[in-house]
Amino acid sequence: MKILTPIIHVPLIEETINFEHHKDYLNRFFTLRYCIDVNQKYNDFCVLVHSNKVCVVTLAPSHPLLCEDIEIRNINFQVSKNINRLDNKISGKHKRNAQNVNQTAPLCFVECADDKVYTIYSTIPGKLLEMNHQLENNPQKIRECSPKLYHKQCYIAIILPGIHHTIESLNKNFLTPEEYEKAMLERIAPKKVEY
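Residues numbered from 1 in each chain as written. Predicted model: local features only at pLDDT ≥ 70, side-chain atom pairs only at ≥ 80, totals over all residues. Heavy atoms only, no water.

## Focus on the nonpolar core
Going by this rule: By convention a nonpolar core is built from buried Ala, Val, Leu, Ile, Met, Phe, Trp, Tyr and Cys residues, the set being connected through side-chain atoms within 4.5 Å. Accessible area is worked out with a 1.4 Å probe on protein chains only. A residue is then buried under 20% of its type maximum, exposed over 50%, and partly exposed in between. A helix here means a DSSP run of H or I that spans at least four residues, while a strand means a run of E at least two residues long, and both kinds are numbered starting from the N terminus. Should any heavy atoms of two residues lie within 4.5 Å, those residues are counted as being in contact.
Counting 33 residues, the largest nonpolar core has Leu65, Val110, Ile120 and Ile142 as its most contacted members. Counting residues per element, the ones that place at least two in this core are strand E2 (45-50), strand E3 (55-59), strand E4 (72-76), strand E6 (106-112), strand E7 (117-121), strand E8 (126-131) and strand E9 (157-161). Counting residues per element, this core draws most heavily on E6, at 4 residues. Those residues within four positions of Ile120 in sequence are excluded, and the remaining contacts are Phe45, Leu59, His63, Leu65, Ala105, Pro106, Leu107, Cys108, Val110, Ile142 and Ile156. With 14 residues, the next largest nonpolar core counts Phe30, Cys46, Leu129 and Ile158 among its residues.

## Quick look at the pattern of salt bridges
The cut-off we apply is this: What makes a salt bridge here is a side-chain nitrogen of Lys or Arg within 4 Å of a carboxyl oxygen of Asp or Glu, nothing more.
Scanning the model with the defined rule gives 3 salt bridges in all. For the salt bridge of Arg187 with Asp37, the shortest nitrogen-to-oxygen distance reads 2.8 Å. Here Asp37 lies in the loop between strand E1 (30-35) and E2 and Arg187 lies in helix H7 (residues 177-188), a separation of 150 residues in the sequence. The class of Arg187 is buried, set by a relative accessible area of 19%. Judged by its relative accessible area of 31%, Asp37 falls in the partly exposed class. Across the pair Asp115 and Arg73 runs a salt bridge whose closest N-O atoms are separated by 3.0 Å. Placement of Asp115 in the loop between E6 and E7 and of Arg73 in strand E4 is noted, with a sequence separation of 42 residues between them. Salt bridges sharing partners connect three or more residues here, namely Asp37, Asp44 and Arg187.

## Structural notes on the pairing of E8
Our working rule: Two strands are said to pair when DSSP picks up at least two bridges between them.
Of the strand pairs in this sheet, strand E5 (residues 99-101) and E8 are connected by 3 bridges, and their pairing is antiparallel. In the sheet register, Gln99 faces E8, and the bridge partner there is Leu128. As judged from the 5 bridges shared by E8 and E9, these two strands associate in the antiparallel manner. Residue pairing for E9: Gly126 is matched across the bridge by Pro161.

Structure, rendered in structure tokens:
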């Protein structure tokens, strides 16, 4: 006599997880802000401000490294004789030993095949919590460092602003996505010449 066992349908993991919920993570917890023309024209950055004040620095879509076909040779994290951003070792609740940065502090230098060097700036005063170590071994990955790919570990740095900076003050110092889009349209619009 044969015993029949019922066939049980085991759902695939794709059927059990609501991926729409995870896609909305960026919109729920981060506020996108833009900083354009930092220390030089077209040096544009995007800052994702988390609800807990931690900021993630990425490249804005208008940065030359993202919108031009540039071959990246190396990323140099040695920003001065004594400071290498990858040597940032923090500890404890108060982030002891974190490197302090200001708005114009370089995070790294992107060296390109055409001998052009792009300086990536912090854009936020505070403590450097983390640099993306994946960029050291894979410099081309910086081309993926845009706000849309943050969930894939595509960021440049994570910074904790000083205690005197509120979320409102951080948001006020940068452009909103709408203001950024307007600035980009003005950048490409022909200038009117008055006689």
